[in-house]
Amino acid sequence: MSATSLEELPQTSVGPSKEPVVPKTTRAPKTTTTVIDNSDVDTDTETKEQIKATQYDFDHNTYNIKTTIGQICLVLTAILANSSLLKILVRRRLDYGTGQDYYELLVTLLATSLIFLTSVAVLLFVMVRLNIKRQKARVFANVVASVVLLVLFIITVLNIFIAAYSGHYTAPSSA
């Protein structure tokens, strides 16, 4: 053998048992991801290991509860804003006798918006109570979320009309 071919061979040392010792290399630990097909599995009887999709622990139920509580807080602020506007509208009517040009329309729109906002808050409270780790609860939560989205769209349209018709109000002059 030539000297060049010996240099190309990996460096090994011979231990007491005359076996070559290969130098150790450091490798990153392997992470595995398990994909679960839930189409044919009854999720009510699933074990905890089947629910986990990866080795990392992420509780979807806790995430759902936290986001839903945040949505409830936003709905409550909208309820407070609409009820405050309704109170101002009624007070102007009582103080000045005439009120706004579109008083009846605005009261109707505000009352409808408040009813829808209250129903959304109730539906969101129902969603907080669901355990979305179960398949039946997940399906029900999706239906409730779709209904909430539809009602929120209607509320948005109502509030656009409220803002358009409320306008700037000036008190009648007492000349």
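For the structure itself, look to the data block above.
Residues numbered from 1 in each chain as written. Predicted model: local features only at pLDDT ≥ 70, side-chain atom pairs only at ≥ 80, totals over all residues. Heavy atoms only, no water.

Enquirer: Break down the overall build of the chain for me, with residues and values.
Expert: Check the secondary structure of the chain and you find 5 helices and 2 strands. Counting helices and strands in the order they occur from the N terminus, the chain gives α-β-β-α-α-α-α. In the chain, once contacts between residues fewer than 6 apart in sequence are set aside, the share between residues at least 24 apart is 68%. Taken as a whole, the chain presents about 13,400 Å² of accessible surface, with 62% of it coming from carbon and sulfur. (Helix = DSSP H or I, 4+ residues; strand = E, 2+ residues; numbered from the N terminus. Contact = heavy atoms within 4.5 Å. Areas by Shrake-Rupley, 256 points an atom, 1.4 Å probe, with all protein chains shown as cover.)

Enquirer: Which residues make up the packing of helix H3 (residues 60-96) against helix H4 (residues 103-128), and what values do they have?
Expert: With their axes 9 Å apart at the nearest point, H3 and H4 run at an angle of 160° to one another. It follows from the interaxial angle that H3 and H4 lie roughly antiparallel. Relative to H4, H3 is oriented so that their crossing is left-handed. Taken together, the residues of the contact of H3 with H4 break down into 22 nonpolar, 7 polar and 2 charged. (Axes fitted to C-alpha atoms, helices over the stretch in contact; angles between N-to-C directions. Parallel < 35°, antiparallel > 145°, perpendicular 65-115°, else oblique. Left-handed = near helix turned anticlockwise from the far one by under 90°. Nonpolar A, V, L, I, M, F, W, Y, C, P; charged D, E, K, R; others polar.)

Enquirer: Tell me about the side chain of Asn82, and name the residues and values.
Expert: Residue position: Asn82 is located in helix H3. Under the relative-accessibility criterion, Asn82 is labelled buried at 7%. Of the polar contacts made by the side chain of Asn82, one reaches the side chain of Asn159; its length is 3.4 Å. Setting aside residues up to four positions removed in sequence, Asn82 forms contacts with Leu110, Ser113, Leu114, Leu117 and Asn159. (Buried < 20%, exposed > 50% of the residue type's maximum accessible area, 1.4 Å probe, protein only. Polar contact = N/O pair within 3.5 Å; in protein donor to acceptor, adjacent residues only side chain to side chain.)

Enquirer: Break down the packing of aromatic side chains for me, citing the residues and quoting the values.
Expert: Within the structure shown, the criterion is met by 1 aromatic pair. Judged by centre distance (4.9 Å) and plane angle (65°), the rings of Tyr102 and Tyr165 are edge-to-face. Linking Tyr102 in the loop between H3 and H4 with Tyr165 in helix H5 (residues 135-166), this pair joins segments that are 63 residues apart in sequence. Accessibility expressed as a relative area gives 42% for Tyr102, which makes it partly exposed. (Phe/Tyr/Trp six-rings, centres within 6.5 Å; stacked < 30°, edge-to-face > 60°.)

Enquirer: Residues and numbers for the nonpolar core, please.
Expert: Core analysis: the largest hydrophobic core is formed by 14 residues, its most contacted members being Val75, Ile79, Leu117, Val120, Leu124, Val148 and Ile155. No other element matches H4, which puts 7 residues into this core. Apart from the residues lying within four places of it in its own chain, the contact partners of Val75 are Leu117, Val120, Ala121 and Leu124. The next biggest cluster of nonpolar side chains, apart from the first, holds 7 residues, and it includes Leu89, Leu109, Leu158 and Ile162. (Core = buried A, V, L, I, M, F, W, Y, C linked by side-chain atoms within 4.5 Å.)

Enquirer: Break down H3 for me, with residues and values.
Expert: An ideal rise of 1.5 Å per residue puts 54 Å on 37 residues; H3 measures up with 54 Å between its terminal C-alpha atoms. Those residues of H3 lying buried are Asn61, Asn64, Thr68, Ile72, Val75, Ile79, Asn82 and Leu89. Buried positions along H3 lie against H4 and H5. Taken from the residues just after H3, Gly97 is the one with a positive phi, measuring 85°. (Expected span 1.5 Å × (residues − 1).)

Enquirer: An account of the side chain of Thr68 is needed here, citing residue identities and associated values.
Expert: Positionally, Thr68 belongs in helix H3. Excluding residues that lie within four positions of it along the chain, Thr68 makes contacts with Leu124, Met127 and Val128.

Enquirer: Explain a nonpolar patch on the surface to me, and be specific about the residues and the numbers.
Expert: There is a patch of nonpolar side chains on the surface, built from Tyr102, Leu105, Leu150, Phe153, Ile154, Val157, Phe161 and Tyr165 and spanning about 720 Å² of accessible area. Broken down by element, the nonpolar patch gets its largest block of residues, 6 residues, from H5. (Patch = residues over 30% accessible without salt bridge, like charges linked within 9 Å, V, L, I, M, F, W, Y side chains within 5 Å. Salt bridge = Lys/Arg side-chain N within 4 Å of Asp/Glu carboxyl O.)

Enquirer: Explain H4 to me, using residue names and the numbers behind them.
Expert: In this model H4 runs 37 Å from its N-terminal to its C-terminal C-alpha over 26 residues, within 8% of the 38 Å that 1.5 Å per residue would give. When we look at burial in H4, the residues that qualify are Tyr103, Leu106, Leu109, Leu110, Ser113, Leu114, Leu117, Val120, Ala121, Leu124, Met127 and Val128. Check the buried side of H4 and you find it contacts H3 and H5.

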